[in-house]
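Now for the letters of each chain:
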Amino acid sequence: MTQQTDAQNATRAGTVALVGFPNVGKSSLMNRLVEQKLSIVTPLAQTTRERVLGIDTRGGVQMVFIDTPGLVDPRYLLHRAMMHEATEVIGDADVVLLLVDASRGEPQLREDVLELVRRAKILIVVSNKIDVASDADRAAVRRWAREHLNADAAEVSAETGEGTEALRARVAERLPESPFLYPEEDVSSQPVRFFVAELVRETIFELYEKEVPYSVAVKVEEFRENAQPVYIRAVVFVERPTQKAILIGSGGSAIKRLGQAARLKVEEFVGAPVYLDLWVKVLPKWRKSPLELQRLGFTLPEEQRK
Ligand SMILES: Nc1nc2c(ncn2[C@@H]2O[C@H](COP(=O)(O)OP(=O)(O)OP(=O)(O)O)[C@@H](O)[C@H]2O)c(=O)[nH]1
Ligand SMILES: [Mg+2]
């Protein structure tokens, strides 16, 4: 083969991180770009807690998207773990998409956050939610991106899909020539168990109020895919007995509703009938405990590890 044909046949591949404040639509945009619901989405901030990988392979280009937790001021050790995820990803990714919510006008990103994203190898500012943003707010974001990051903001709506194909093309151009990083048919590298636990957590966001969704962690402890229906045992960890009582509800009514709603989502995800066996356990102060956080699968900054 000549060098010429080599170049013509070369594939591109790389990692593409989605970062930004909570609730700007990072998970929605990743789902739109991979054309599949992988990352959970809720109207509430701080939904995503761990990185979520979504792989899209088409036309000789493989994009490995990494959805990250929103950049927050750490109040709990859990938040520190979330920030650690986000900052690590920014340093490692081939392309960083910094998302901002266009409907909120000029973004209020602190200088330390700007410093962080300036470290990205390639940075693309993405102005999301243009379907609900005024022209003035959109212009304010474009101006801000030019002034602070010397970047032309890509305008998209994860909700309607407007602008997302143009963004895909812009990302593809910037990816390095490389063999694919994952088999072409893969959509993620994370286990089905992870996504099932996330779908249960998403349903908890939908059905419970106030601090309850933030106080839970979900772990799938048993997954028998050869059983019919597929048997899945998941444990919902809460911090206090009062939260356990709320989750279960009087006579088990609330947990029954949770189980039914979550099961429908899980069945759609695994493509088979499922028996979802939900348990609630109190794990006092898990959001502050290095040991429990690590047991639940969170990665802590090195100095916090136990
Ligand atoms: N109108 C509109 N709403 C959007 C758009 N993208 C996301 N949303 C909504 O914004 C809310 C937050 O979306 P997510 O995708 O969960 O946001 P996120 O940035 O992943 O949030 P965290 O995981 O909490 O950091 C949800 O209610 C979405 O439906 C958009 O383009 N237009
Ligand atoms: Mg998210």
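Parameters and conventions
- Residues numbered from 1 in each chain as written.
- Chains lettered and ligands numbered in written order.
- Predicted model: local features only at pLDDT ≥ 70, side-chain atom pairs only at ≥ 80, totals over all residues.
- Heavy atoms only, no water.
- Domains from an automatic or database assignment.
- Contact = heavy atoms within 4.5 Å.
- Buried area = accessible area lost by both parts, 1.4 Å probe.
- Salt bridge = Lys/Arg side-chain N within 4 Å of Asp/Glu carboxyl O.
- Polar contact = N/O pair within 3.5 Å; in protein donor to acceptor, adjacent residues only side chain to side chain.
- Helix = DSSP H or I, 4+ residues; strand = E, 2+ residues; numbered from the N terminus.
- Nonpolar A, V, L, I, M, F, W, Y, C, P; charged D, E, K, R; others polar.
- Expected span 1.5 Å × (residues − 1).
- Buried < 20%, exposed > 50% of the residue type's maximum accessible area, 1.4 Å probe, protein only.
- Phe/Tyr/Trp six-rings, centres within 6.5 Å; stacked < 30°, edge-to-face > 60°.
- Donors = N, O, S within 2.8 Å, 3.2 Å for Na, K, Ca; no water.
- Near = heavy atom within 4 Å.
- Areas by Shrake-Rupley, 256 points an atom, 1.4 Å probe, with all protein chains shown as cover.
- 1 Å grid on protein atoms, 1.4 Å probe; cavity = no way out; pocket = protein on both sides within 12 Å on 5 of 7 lines; lining within 4 Å.
- Points joined across faces, edges and corners; volume = space filled by probe spheres on them.

Caption draft 1: Structural detail: the domain arrangement of the protein. Entries for the protein in the domain assignment read domain 1 (3-174) and domain 2 (192-304). One C-alpha centre belongs to domain 1, the other to domain 2, and the line joining them spans 27 Å. On the side of domain 2, 25 residues touch domain 1, which itself brings 22 residues to the contact. Counting the surface domain 1 buries against domain 2, the share from its top three residues, Ile40, Arg49 and Leu77, is 30%. For the interface between domain 1 and domain 2, the tally reads one salt bridge. For the pair domain 1 and domain 2, the interface holds eight residue pairs in polar contact (both at pLDDT 80 or more). At the level of elements, strand E2 (52-58) and helix H3 (77-92) are the ones that each hand at least two residues to the side of domain 1 that touches domain 2. In terms of residue count, the dominant contributor to the side of domain 1 that touches domain 2 is H3 (six residues). Class assignment for the residues of the side of domain 1 that touches domain 2 results in 11 nonpolar, five polar and six charged.

Caption draft 2: View of helix H7 (residues 192-207). Counted at 1.5 Å a residue, the expected span for H7 with its 16 residues is 22 Å, and the 23 Å between its end C-alpha atoms agrees. Among the 16 residues of H7, 12 are classified as buried, and the element is accordingly described as predominantly covered. Residues Phe194, Phe195, Val196, Ala197, Glu198, Leu199, Val200, Arg201, Glu202, Thr203, Ile204 and Phe205 constitute the buried set of H7.

Caption draft 3: Expanded view of unusual backbone geometry. Each neighbour pair has its own omega, and for Gln228 with Pro229 the value is -5 degrees, a cis peptide bond. By the element assignment, Pro229 lies in the loop between strand E7 (217-224) and strand E8 (230-238). In this model, Gln46 sits at a positive phi of 65 degrees, which is unusual for a non-glycine residue. We classify Gln46 as partly exposed; its relative accessible area is 23%. Here Lys129, not a glycine, exhibits a phi torsion of approximately 70 degrees, which is positive. Within the element layout of this structure, Lys129 appears in the loop between strand E5 (123-128) and helix H5 (135-149).

Caption draft 4: Just the packing of aromatic side chains, in detail. By the definition in use, this model includes five aromatic pairs. Measuring from ring centre to ring centre gives 5.2 Å for Phe194 and Phe195, while their planes differ by 75 degrees; the resulting arrangement is edge-to-face. Judged by its relative accessible area of 13%, Phe194 is buried. Judged by centre distance (5.9 Å) and plane angle (15 degrees), the ring pair of Tyr231 and Tyr275 falls under stacked.

Caption draft 5: Just the coordination of the magnesium ion (ligand 2), in detail. For the magnesium ion (ligand 2), the full set of protein donor atoms is Ser27 (OG) and Thr48 (OG1), and the range of their distances to it is 2.0 to 2.1 Å. With a gap of 21 residues between them, Ser27 in helix H2 (residues 26-34) and Thr48 in the loop between H2 and E2 connect regions that are remote in the sequence. The class for Ser27 is buried, based on a relative accessible area of 8%.

Caption draft 6: Broad picture of H2. Taken across its nine residues, H2 has seven buried, putting it largely inside the fold. Regarding H2, the residues found buried are Lys26, Ser27, Leu29, Met30, Asn31, Leu33 and Val34. In this fold, the buried residues of H2 make contact with strand E1 (12-20), E2, strand E3 (61-67), strand E4 (95-101), E5 and helix H6 (164-174). Count one or two residues on from H2 and you reach Glu35, which has phi positive near 55 degrees.

Caption draft 7: The arrangement of the site of ligand 1 in detail. Looking at ligand 1, there are 23 residues lining it, with Lys26, Ser28, Gln46, Thr47 and Asp131 nearest. Here an oxygen atom of ligand 1 and a side-chain polar atom of Asn128 are 3.2 Å apart. Between ligand 1 and Ala158, the relevant distance is 2.9 Å, taken from an oxygen atom to a main-chain nitrogen or oxygen of the residue. Here ligand 1, which alone exposes 660 Å², has 89% of that area covered by the protein.

Caption draft 8: The arrangement of the layout of surface pockets in detail. Size it by volume and the largest pocket reaches roughly 420 Å³. Lining the largest pocket we find 25 residues, and of these Asn23, Gly25, Ser28, Val41 and Thr42 sit closest to its centre. Of the residues forming the lining of the largest pocket, the biggest block, three residues, is contributed by H2. Tallied by class, the residues present in the lining of the largest pocket amount to nine nonpolar, 11 polar and five charged. Roughly 310 Å³ of volume is contained in the second largest pocket. Contributing to the lining of the second largest pocket are 17 residues, with Glu50, Phe194, Ala197, Val218 and Leu296 lying nearest its centre. Going through the elements one at a time, H7 and E7 are the ones with two or more residues in the lining of the second largest pocket. The leading source of residues in the lining of the second largest pocket is H7, at five residues. Broken down by class, the residue content of the lining of the second largest pocket amounts to eight nonpolar, two polar and seven charged.

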